[in-house]
Amino acid sequence: MTKTDLHELLNAVRANVDILEAHSELEWARALEAHGDEAQADLGVAASRILRIFGAMGSYNDVVLYKGGQPLKNENDDLSAARERLFNLCLNIRQKAGL
């Protein structure tokens, strides 16, 4: 794995965190930040751990942003794109790491 892989992963984590923080989803934001910090020490392990938050009920895939009881279409579209980018980067990194 390369410095580029690390840089791309950290940027993808930051993009997700920024969206989450802007909509007070602080628990998810902190969890992603922690995994981003882990990536500095072991990129493959961090990517595997990030992938785990995408599975099962109540997972990161289930997060929907609301305001006043109404889902926010544009913001949810942005979050969906950021999630997808993060997921795909993590899959690629995990594969490169042989995990």
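Criteria and cut-off values
Residues numbered from 1 in each chain as written. Predicted model: local features only at pLDDT ≥ 70, side-chain atom pairs only at ≥ 80, totals over all residues. Heavy atoms only, no water. Phe/Tyr/Trp six-rings, centres within 6.5 Å; stacked < 30°, edge-to-face > 60°. Buried < 20%, exposed > 50% of the residue type's maximum accessible area, 1.4 Å probe, protein only. Helix = DSSP H or I, 4+ residues; strand = E, 2+ residues; numbered from the N terminus. Lys NZ or Arg CZ within 6 Å of the ring centre and 35° of its normal.

(A) Representation of the packing of aromatic side chains in the model. Per the stated rule, a full pass over the model turns up three aromatic pairs. Ring geometry for Phe 54 and Tyr 60: centres 5.6 Å apart, planes at 70°, overall edge-to-face. When its relative accessible area of 0% is taken as the criterion, Tyr 60 is described as buried. Considering the side-chain rings of Phe 54 and Phe 87, the 5.1 Å spacing of their centres and the 70° angle between planes classify their relative orientation as edge-to-face. Of the two residues, Phe 54 is situated in the loop between α3 (43-52) and β1 (66-67) and Phe 87 in helix α4 (residues 73-97); the sequence distance between them amounts to 33 residues. Classification of Phe 54 as buried rests on a relative accessible area of 7%. Under the relative-accessibility criterion, Phe 87 is labelled partly exposed at 30%. Every member of this aromatic cluster is reached through a ring pair, and the members are Trp 28, Phe 54, Tyr 60 and Phe 87. In this structure, Arg 83 packs its charged tip against the face of Tyr 60, placed 5.4 Å from the ring centre.

Function-wise, these values are silent; they only describe arrangement.
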